[in-house]
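An overview of the molecular structure
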Amino acid sequence: MPSVTDYAIPNPVSQNKSGVIGRAVDRYEGPLKVSGTAPYSYEVQTPSPPAYGYIVGAEIGCGRVVAVDDAAALAAPGVKLVWHAFRTPAQAERGAKVNPHGQSAAEPVFDSDVVEFWGQPVAFVAADTPENAREAAQLLGIRYQETPAEFGFDPLKAEIPPGDDDVRLGDFEGAFAAAPVRIDSLFTTPIQNHCQMEPCATTAWFEGDTLVVHTSNQSIKAPQHLLAETLQIHREKVHLMSRYIGGGFGGKGSAYEDLTLAALAARDLKQPVKVAFTRQQMFHASIHRPATVQRVRLGATPDGKLTAFALEAATHCARNVSFTEHAASFSRALYAAPNRLTGHRLVKLDIPVAGPMRAPGEAVGMLSLEGAMDELAEAVGLDPIELRIRNEPESHPESGAPFSARQLVECMTDGAERFGWSKRDAKPAQAMDGEWFVGMGMAAAIRGNFLLPAKASMKVEADGTVIIRQGMTDIGTGTYTILAQITAETMGVPLERVVVEIGDSGFAPAPGSGGQFGAASAGSAALATGMVLRKTLAGMAVADPASPLYGADPSAVDFRDGLITVENRSETLASLVGRLAPAGVEVEGGSTPAADARNWAQHAYGATFAEVGVNSVTGEIRIRRMLGAFACGRILNAKTARSQITGGMIWGVGTALHESNSVDERFGSFIGQDLGGYLVPAHADIVDVDAYFLPEVDDKANPLGIKGVGEVGICGVGAAVANAVYNACGVRIRDYPLTPDKVLAGLG
Ligand code: MOS
């Protein structure tokens, strides 16, 4: 497979002769979504009437299921099957793996009577209607035995996760003790839930011996392989699709029991089966972002040069599923300081499974560091932007690696100019608007940039239509649209002539959506595949006496306006392919990261500015306006990229002001179990939010010159809001979210 370096800049995308790259193109699948006709996995039409499953979650936090009385449920109207620890389907042993090189091992259902967390699926009912399944599930008599458990997060009990040692440089303790200016602040962030619009859901049926399954997952291969192993069938016999996904955010990077139960039930019932988690069940049964306690220590000279820098983060995860919220990792690349200490501590608890959530690490880690930097700015009497500029590193502060493209300073200064930052009074509580304190805050943003191997296929039909197919997903981020743009620009055809088919295990594999690597990975493969197709078509044209290009140098052939051309000779793609290959011309291609890709420290950057009002009577905080300035390489689509960023910024407001879950330590359950109790920003909370991108091409990142925009938008926003609250009313809150009670306590 060719490496991305074979398609280095310049290439058709970077040359952008048709101008399709970067344009604010409407979403490819937008009309389907707004008309309600994009079939999400639960809504997919089945070939015959389906059965409906209902999952039952454990009502203890830790222990065993000792007995299940299922007689009444089995006898209930419409019930087709009941499964639990004492009545299980035929399936592989946990961890079994018969197919070679698989991404997943078998994950059987109810293979143990052990309950590891509240809401863990412990039983399943399938019936002729969703109502009958749910009704019968209430009739199950599940008896539990509880065992001693640890539900409460005590950061002092946290230990170094294996293989995750502290990173130390110089002598932090000595330098901190000697520093003329010191900040030592403790920040806390709560458990957060993904709350995707679409809960996890699966529709499955068999066509002959092939399992057809539509599910809502950020990747294709992992769930496909999981089903093959669990059902002990050949991987090729699992046709898994995830075509439309109502939000992922990391929460759908895992597969859950809806997937396996739908497949197993479809097999045993010889009938299509639909299984979905309810909104309430999602809080426990899917992953969450764990709480953190973060200590930031900054030592500086009186003129604001950092001499000592520490960020230590404690967090928690499930007893048997290791995960660390890497709240300190990003800070290793952000600011220069000779003496450094960063690291993580982890405690295992008997609560639901913690996992990645949008910008894992940075999203909560920046809440602490960017708040502490604001405190330091005040302590040394510097503007927060000037303080950051004085600590801008020339290369990676720890590895010394050069940065690929880094415009953090430009984001801050240009954003400040546009936002009107100079009007901010550094002294808190100086501006009032009626009973509202008004203030401004800012924070930097950084998020790593990644590239994963991917493949694609591309086909020109006899009528000139170009179809790109890829086992890639679109979790609402715009993957369909940017793949259409890259294909159109590479093949020199109008966007309207491009068909994008993704989310299907039958297509060439791509890594899926996560870690803001989707567009770069899938898009690089699309470009590489297009280059293969161009070469193929050019070879056909110059070898065909009937073509006006006959005898030309194939390397001189260009693709533009639906034409294949050499100098003033040309024909349409349709005429070439229609004449020589009426069934169409299809090729496969792919890309892998260049061997030297990791020689550069690669990140997307930004700066967020917020103006808030704080009500002096009620303690209520309102966002008045926000602006984000970002530098993320070339922008493929001005509209979808901006949507990603402003969506992240809005989520950052939720992080600052609304989102919080906590454990009911009597039971090990979460207190927030619906969107009435777990608050996220609504339209009324968000007034004036805007974001823009600085011109940039990151030629070290990938042949597209792009970087991820999916996660950098959320990074730092909460801190900008908290800093603005401090500037408005002089109350520094380090315990997120910033609720009115905390504001009032500070106002005194
Ligand atoms: Mo993402 S939270 O890396 O899917």
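Now for a look at the structure at hand. (Residues numbered from 1 in each chain as written. Predicted model: local features only at pLDDT ≥ 70, side-chain atom pairs only at ≥ 80, totals over all residues. Heavy atoms only, no water.)

**Thoughts on the overall build of the protein**
Convention followed: Secondary structure elements follow DSSP: runs of H or I of four or more residues count as helices, runs of E of two or more count as strands, with numbering from the N terminus. The globule rule is 2.2 Å times the number of residues to the power 0.38, and the radius of gyration it is compared with is taken over C-alpha atoms. Burial classes: relative accessible area under 20% of the type maximum marks a residue as buried, over 50% as exposed, and values in between as partly exposed (1.4 Å probe, protein chains only). The criterion used for residue contact is that any of the two residues' heavy atoms lie within 4.5 Å. Areas reported here follow the Shrake-Rupley algorithm with a probe of radius 1.4 Å; residue values treat only the protein chains shown as occluding. By the counting rule applied here, Lys and Arg register as positive and Asp and Glu as negative, while His and the ends of each chain are not counted. Charged groups are reduced to one reference atom each: NZ for lysine, CZ for arginine, CG for aspartic acid, CD for glutamic acid.
A tally of regular secondary structure across the protein gives 17 helices and 31 strands. Relative to the 2.2 N^0.38 estimate, which gives 27 Å for 748 residues, the radius of gyration of the protein is 27 Å and therefore close to what a compact globule would have. Counting only C-alpha atoms, the protein reaches 80 × 75 × 50 Å along its principal axes. Every one of the 748 residues in the protein was classed for burial, and the buried ones make up 61%. In the protein, the share of contacts with a sequence separation of at least 24, taken over all contacts with a separation of at least 6, comes to 80%. Roughly 27200 Å² of accessible area belongs to the protein as shown, and the carbon and sulfur atoms make up 52% of that amount. Charged side chains in the protein number 63 positive and 84 negative. The centres of these two groups are separated by 2 Å.

**Here we look at helix α15 (residues 638-657)**
How we decide: Under the convention used throughout, the expected extent of a helix is 1.5 Å for every residue step, that is, one less than its residue count. Side-chain atoms alone can form a polar contact between residues adjacent in sequence; in general such a contact is a pair of N or O atoms within 3.5 Å, and within protein one must be able to donate a hydrogen while the other accepts it.
Over its 20 residues, α15 runs 28 Å from end to end, which matches the ideal 28 Å to within 8%, given 1.5 Å per residue. Burial runs high along α15: 14 of the 20 residues are buried. Between the side-chain oxygen of the N-cap and the backbone nitrogen of K639 there are 2.8 Å, and the N-cap of α15 in question is N637.

**So, unusual backbone geometry**
Geometrically, the link from Y736 to P737 is a cis peptide bond, its omega value of -5° lying close to zero. The residue P737 is located in the loop between α16 (717-729) and α17 (740-747) in this model. Unlike most non-glycine residues, Q232 shows phi in positive territory, near 55°. Residue placement: Q232 occurs in the loop between α6 (221-231) and β12 (238-241). A relative accessible area of 53% places Q232 in the exposed class. Within the chain, K270 stands out as a residue other than glycine whose phi angle is a positive 50°. Positionally, K270 belongs in the loop between α7 (257-269) and β13 (273-276). Judged by its relative accessible area of 75%, K270 is exposed.

**With respect to the pattern of salt bridges**
Should the charged atoms of two oppositely charged side chains come close, the side chains can pair. In plain terms, the rule: Put simply, a salt bridge is a Lys or Arg side-chain nitrogen that is within 4 Å of an Asp or Glu carboxyl oxygen.
Scanning the entire structure with this criterion turns up 44 salt bridges. Among the salt bridges present, the one from E29 reaches K33, with a minimum N-O distance of 2.9 Å. Taking the relative accessible area as the measure of exposure, E29 reaches 2% and is therefore buried. Take K33: its relative accessible area is 24%, and that puts it in the partly exposed class.

**Some words on the sheet that holds strand β2 (residues 63-69)**
Using the following cut-off: Paired strands, in this sense, are two strands between which DSSP finds at least two bridges.
The three strands are arranged β4-β2-β6 in an open sheet whose pairing can be described as antiparallel. Two strands in the sheet have a free side with no partner beyond their single neighbour: β4 (114-115) and β6 (141-146).

**A few points about the sheet that holds strand β28 (residues 621-631)**
The condition that has to hold: Axes here refer to lines fitted to C-alpha atoms; in helices the fit is confined to the stretch in contact. Angles between the N-to-C directions go from 0 to 180 degrees.
Pairing is mixed in the open sheet, where five strands are placed in the order β18-β19-β27-β28-β31. At either end of the open sheet lies a strand with only one pairing partner, and these are β18 (431-433) and β31 (689-693). Neighbouring strand axes in the sheet, compared pairwise and without regard to direction, differ in orientation by 25° on average. Alignment of strand β27 (residues 603-615) against β28, held across ten bridges, turns out to be antiparallel.

**Re helix α14 (residues 573-580)**
Put simply, the test is: Relevant arc is that of directions from the helix axis to the C-beta atoms, nothing else.
Taken together, the buried positions of α14 are L573, L576 and V577. Buried residues in α14, looked at end-on, bunch into an arc of 85°, giving them a common side.

**Examining the nonpolar core**
Going by this rule: Only buried residues count toward a nonpolar core. Its members are Ala, Val, Leu, Ile, Met, Phe, Trp, Tyr and Cys residues joined through side-chain atoms within 4.5 Å.
By size, the foremost hydrophobic cluster in this structure holds 95 residues, and its most contacted members are L298, L369, L376, V612, V614, M626 and V721. The next biggest cluster of nonpolar side chains, apart from the first, holds 54 residues, and it includes M458, I468, V542 and L704.

**With respect to the packing of aromatic side chains**
Any two aromatic rings considered together are summarised by their centre-to-centre distance and by the angle between their planes. To keep it simple, the criterion reads: A pair of aromatic rings is counted whenever rings of Phe, Tyr or Trp (Trp by its six-membered ring) have centres within 6.5 Å, and the orientation is called stacked for planes under 30 degrees apart, edge-to-face for over 60 and tilted otherwise. To sit over a ring, a charge needs its Lys NZ or Arg CZ within 6 Å of the ring centre and within 35 degrees of the ring normal.
Applying the stated rule across the entire model yields ten aromatic pairs. Measuring from ring centre to ring centre gives 5.7 Å for Y28 and Y480, while their planes differ by 5°; the resulting arrangement is stacked. A residue pair is termed long-range when its members are at least 10 positions apart, and Y28 in the loop between α1 (12-15) and α2 (30-34) and Y480 in helix α12 (residues 479-491) qualify at 452 residues. By relative accessible area, Y28 is classed as partly exposed at 33%. In this structure an aromatic cluster arises from ring pairing among Y28, Y40, Y244 and Y480. Between R625 and the ring centre of F419, over which it is positioned, the NZ or CZ distance is 3.9 Å.

**Re the pairing of strand β15 (residues 292-300)**
A large share of β15 lies buried, amounting to eight of its nine residues. By the bridge criterion, nine bridges tie strand β8 (residues 181-189) to β15 in an arrangement that is antiparallel. Pairing of L186 across the sheet is with R295, part of β15. The pairing of β15 with strand β16 (residues 306-318) spans nine bridges and is antiparallel. Note that in β16 the partner of A300 across the bridge is L306.

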